[in-house]
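So you can see what is in the structure, the chains are spelled out below.
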Amino acid sequence: MNIKSVKILLAAAIIFISSIYLPDIFWSTFKYKSDRPSVSFSPIVNDFLFTYPGKDNSSIRDRKGKTYTRDEYEAAMPQLNFAQLMFSGKMPDSVNGVKVDVPMMRKNLFQSRFEPSTIDGLNYMLNPLIESSSGRVNLEYPNEFFIIKNRMEIIDARTNSVNEEMTKLFTDALSKSGFVFPAKEAFGNPTTRKPYDEGYFVVDAKDQFFHIKRIKDKPFCKKIYLPKGIKVVHMNVHEIALKEFYGIFVTEDNGLYFLSYGDYKTIKLAIEDYNYKTSSIRILGDLFHRTISVNNEDSYSVFVFDRNYNLKDKYTGQLTGKYESAQGKISAYVFPFSLSILSNKTMFVNFFLKFIDFRFFAGNIILLLGLIGFFLLKKIPVNKNLFSIILVAIAGIYGLIAVLVIRDFFTSNNKKLEK
Amino acid sequence: MIKSLLYKEWLKIRWSFIGLLLVNLIVVVSICVSLYNDFKFYKPNQIYDGVLSWGYVFYIDLMYIPLATGLLLGVVQFFSEINSSRLKLTLHLPMKESSSLLSMQWYGLGLLVLIFIIDAVIISILTSSYFPYEVVNSFLSISLPWFLAGLTAYIFISLIFVEPSWSRRIFMAVVGVGFVNLLFSNIIAMGIEAIFSRTDLYFFIITILLTPIILLAGYNYKKGIR
């Protein structure tokens, strides 16, 4: 291997590592805080209320710009702040003519989130097979774990061996309901900290959807009929006292569905601007509404549905993007590109290259002029050091660092400049 | 010639190698014993729950061991070359200086890989006796970047020692810390934060590609560039 190619290798290594760390150091020094508000829908003022987090006080506004104090906000949101309202004795008896009480509001309150990094996240596919009908008041953590490969294998944790009897029982039940092995995904809550157990919702090899649970050591397996062509990407199973739905799932065509309890009906929610690979969803359910916030990099959309899942109102807001802020503009001139191995869109390490635009050329030209000035000052011929020139022209600040480290320039009499 | 060079390397580092191997074995055995105790004192399903749902990384003690091993082997093997300028003699052996430097470095890498394979095999066997295959697989995928970090640290130590210029030494140390730090980004606060499984191969290739940089350091050394 000749020295020249080693130099190229070293330059590449320096550019690689500095394009990861320099932007990282820059952004942690000049931290950027997004102005994304949290949005909720008030059944009293019948409008969205936007809470902008501030350093001292968060400011709360509605769509017309009217501001709210914290007390006013809590009074406008009795379905969320019932505990505080009860405490201060301001709890209303009825909202919009509907009689309300605290247990009712508490029972109807739930939250759900979909993040791209949980959808593309770690999943062992090995889950505890919780007995859903043990006859005990609390659920008990089982010794049996299952994984669905070419059969539904049930592993006993005490011996780390396959329980052949149960495996056969469950595998047969799955085959009988038309399950095609192996499973692609299994969704459930592998914990006993829940009021009851609904088992798991499993996607099979042909993207069919199944509900599987263990009832008195016997398998329960039900095929769920999905609208045609729908592929489930992720499901949040909700085992809550409300018992209105099994859970909420998102699909490959970026749809959001509720799966209703008992009759397995799929209810599609008319949301927009959602992409399961990049956006996150927050669902807030209360006595009156289902509020869905879809958050994208530079925008957010909020959709309010009534309890029959009809769209009642929606709002889309734009945000000042990270790269439109003062520090973002500086970074666009300084860094030709930036590299990261982590992303909030996935749990898997990869090489995420971020390229903003061609503004960096201005920065590169300044650095290049600086380098040429240095060459002229030290009487180093520019035309014999084209490698350095090219590095700085393309990789800007990263290239300059590489050049300064390798600092191996040719002088006029073709001798290496030492020091 | 290479054979005698490698024999010289073996004579130089054999005791350190055995010492490092022992340290690794002690850590691996302590991981085994603590897992054995976990299963003795807790219900197996609790430990399964911890590993599967709560990110209990029972082999966390292994995390920085390959890094320490790589660093120490690099120091032992290359410090004595620089000390009293023995490297000058090595570079004057009747063989290409690039092949002598690379074979020294690859010899050390080979010894490290040997230690790391022993670590991984023992823990895998232990894991597979308590857990299904999926957990063994996740151990291998989580720990692979740590082993690569050991190799990367060794590579940078070797070239930092051969490099004659102090300013470049310091800079290469910074670059080395940067590379090593990347490989530890999968575990944050004892929990699994990211998974390397989609990029294992790329990081392996990057590690291999870092090895020839020692030739530039050797070139600078021989030419006396400072």
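Higher on the page you've got the structure.
Residues numbered from 1 in each chain as written. Chains lettered and ligands numbered in written order. Predicted model: local features only at pLDDT ≥ 70, side-chain atom pairs only at ≥ 80, totals over all residues. Heavy atoms only, no water.

Account for the overall build of chain B, naming residues and giving values.
Broken down by element type, chain B carries nine helices and two strands. Along the first, second and third principal axes, the C-alpha set of chain B runs to 65 × 30 × 25 Å. Taken across its 226 residues, chain B has 58% of its residues classed as buried. Intrachain contacts of chain B at a sequence separation of at least 6 include 81% that bridge at least 24 residues. Accessible area of chain B: about 9900 Å², with a carbon and sulfur share of 72%. Within chain B, the 11 negative side-chain charges are centred at a point lying 17 Å from the centre of the 15 positive side-chain charges. (Helix = DSSP H or I, 4+ residues; strand = E, 2+ residues; numbered from the N terminus. Buried < 20%, exposed > 50% of the residue type's maximum accessible area, 1.4 Å probe, protein only. Contact = heavy atoms within 4.5 Å. Areas by Shrake-Rupley, 256 points an atom, 1.4 Å probe, with all protein chains shown as cover. Lys, Arg positive; Asp, Glu negative; His and termini not counted. Charge placed at Lys NZ, Arg CZ, Asp CG, Glu CD.)

Please set out the overall build of chain A residue by residue, giving values where relevant.
Of regular secondary structure, chain A possesses nine helices and 25 strands. Here the C-alpha radius of gyration of chain A, 29 Å, is well above what a compact globule of 419 residues would show, namely 22 Å. When the backbone C-alpha atoms are referred to their principal axes, chain A occupies close to 90 × 65 × 40 Å. By residue count, 49% of the 419 residues in chain A fall in the buried class. Considering only contacts in chain A between residues 6 or more positions apart, those separated by 24 or more positions represent 50%. Of the accessible surface of chain A, which amounts to about 21000 Å², a share of 55% is contributed by carbon and sulfur atoms. (Rg over C-alpha atoms; globule rule 2.2 N^0.38 Å.)

Tell me about the sheet that holds strand 2 (residues 47–52) of chain A, residues and numbers included.
All names here are of chain A. Across the sheet, four strands lie side by side as 1-2-3-4; this open sheet has antiparallel pairing. Two strands bound the open sheet, and with one partner strand each, they are strand 1 (38–42) and strand 4 (67–68). Sheet topology places strand 1 next to strand 2; five bridges connect them, and they run antiparallel. Paired with Ser40 across the bridge in strand 2 is Leu49. (Pairing = 2+ DSSP bridges.)

Now, about the interface of chain A and chain B: what can you tell me, with residues and values included?
Taken residue by residue, the interface counts 42 residues in chain A and 46 residues in chain B. Summed over both sides, the interface of chain A with chain B buries roughly 4200 Å², with 70% coming from carbon and sulfur. Summed over the three residues of chain A that lose the most area to chain B, namely Tyr124, Asn160 and Val349 of chain A, the buried surface amounts to 15% of that side. Across the chain A-chain B interface, the total number found is two salt bridges. (Buried area = accessible area lost by both parts, 1.4 Å probe. Salt bridge = Lys/Arg side-chain N within 4 Å of Asp/Glu carboxyl O.)

An account of the pattern of salt bridges is needed here, citing residue identities and associated values.
On inspection of all chains with the given rule, the structure shows 31 salt bridges over all chains. Its salt-bridge partner being Glu144 of chain A, residue Arg214 of chain A comes within 3.0 Å of it at the nearest N-O pair. You can see Arg214 of chain A sitting in strand 14 (residues 209–215) and its partner Glu144 of chain A sitting in strand 9 (residues 144–148), a full 70 residues away along the chain. The exposure classification of Arg214 of chain A matches that of Glu144 of chain A, with both residues buried. For Glu81 of chain B, the salt bridge identified is with Lys12 of chain B, shortest N-O distance 2.8 Å.

Explain the nonpolar core to me, using residue names and the numbers behind them.
Ile148, Met152, Phe179 and Ile212 of chain A together with Leu62 and Phe131 of chain B are the most contacted members of the largest nonpolar core, which has 137 residues in total. Among the elements that make up this core, the one with the highest residue count is helix 6 (residues 133–162) of chain B (17 residues). Domain assignment of the residues forming this core places at least three in each of domain 1 (3–32 + 327–335 + 351–406) and domain 2 (119–246) of chain A. Those residues within four positions of Ile212 of chain A in sequence are excluded, and the remaining contacts are Ile148, Met152, Leu174, Phe179, Glu198, Gly199, Tyr200, Val202, Phe220 and Cys221 of chain A. Core analysis: the next-biggest nonpolar cluster, separate from the first, contains 21 residues, Phe245, Tyr274, Tyr276 and Ile283 of chain A among them. (Core = buried A, V, L, I, M, F, W, Y, C linked by side-chain atoms within 4.5 Å. Domains from an automatic or database assignment.)

Explain the packing of aromatic side chains to me, using residue names and the numbers behind them.
Counting across every chain of the model gives 50 aromatic pairs over all chains. For the cation-ring pair, Lys66 of chain A lies above Tyr68 of chain A, with the distance from its terminal atom to the ring centre recorded as 4.7 Å. (Phe/Tyr/Trp six-rings, centres within 6.5 Å; stacked < 30°, edge-to-face > 60°. Lys NZ or Arg CZ within 6 Å of the ring centre and 35° of its normal.)

Would you mind going over the layout of surface pockets in detail, with residue names and values included?
Here the second largest pocket is characterised by a volume of approximately 1400 Å³. Lining the second largest pocket are 44 residues, and of these Thr118, Gly121, Leu122, Asn123 and Tyr124 of chain A lie nearest its centre. Broken down by secondary-structure element, the contributors of at least two residues to the lining of the second largest pocket are strand 7 (110–114), helix 5 (116–119), strand 12 (185–187) and strand 16 (232–237) of chain A together with helix 2 (44–53) and helix 6 of chain B. No other element matches the six residues that helix 6 of chain B contributes to the lining of the second largest pocket. Tallied by class, the residues present in the lining of the second largest pocket amount to 21 nonpolar, 16 polar and seven charged. (1 Å grid on protein atoms, 1.4 Å probe; cavity = no way out; pocket = protein on both sides within 12 Å on 5 of 7 lines; lining within 4 Å. Points joined across faces, edges and corners; volume = space filled by probe spheres on them. Nonpolar A, V, L, I, M, F, W, Y, C, P; charged D, E, K, R; others polar.)

So what about the packing of helix 5 (residues 97–130) of chain B against helix 9 (residues 213–223) of chain B? Which residues, and what values?
Residues and elements named next belong to chain B. The geometry of helix 5 relative to helix 9 is characterised by a closest axis approach of 10 Å and an angle of 130 degrees between their N-to-C directions. As far as their axial angle goes, helix 9 and helix 5 are oblique. As for the relative orientation of helix 5 and helix 9, their crossing is right-handed in sense. Residue-level inspection shows Glu97, Ser98, Leu101, Leu102 and Gln105 of helix 5 in contact with helix 9, the latter providing Ile214, Leu215, Gly218 and Lys222. (Axes fitted to C-alpha atoms, helices over the stretch in contact; angles between N-to-C directions. Parallel < 35°, antiparallel > 145°, perpendicular 65-115°, else oblique. Left-handed = near helix turned anticlockwise from the far one by under 90°.)

Go over the environment of Phe196 of chain B with me, naming the residues and quoting the values.
As for its placement among the helices and strands, Phe196 of chain B is situated in the loop between strand 2 (191–192) and helix 8 (200–210). Measuring from C-alpha to C-alpha, the distance between Phe196 of chain B and Ile142 of chain B comes to 7.1 Å, with 54 residues separating the pair along the chain. The residues contacting Phe196 of chain B, other than those within four sequence positions of it, are Ile341 and Val349 of chain A together with Pro145, Leu182, Leu183, Ser185, Asn186 and Phe203 of chain B.

With reference to specific residues and values, describe the pairing of strand 10 (residues 152–156) of chain A.
Residues in a regular strand project their side chains so that they alternate between the two faces of the sheet. Residue and element names in this part refer to chain A. Counted residue by residue, strand 10 has five buried out of five residues, so it is predominantly covered. Covered by surrounding structure in strand 10 are Met152, Ile154 and Asp156 together with Glu153 and Ile155, the residues of both alternating faces. Two elements, strand 9 and strand 10, share five bridges in a ladder whose sense is antiparallel. If you follow Phe145 over to strand 10, its bridge partner there is Ile155. Where strand 9 folds back on strand 10, the antiparallel hairpin that results is connected by three residues. Here strand 10 runs beside strand 11 (residues 161–162); their pairing, made up of two bridges, is antiparallel.

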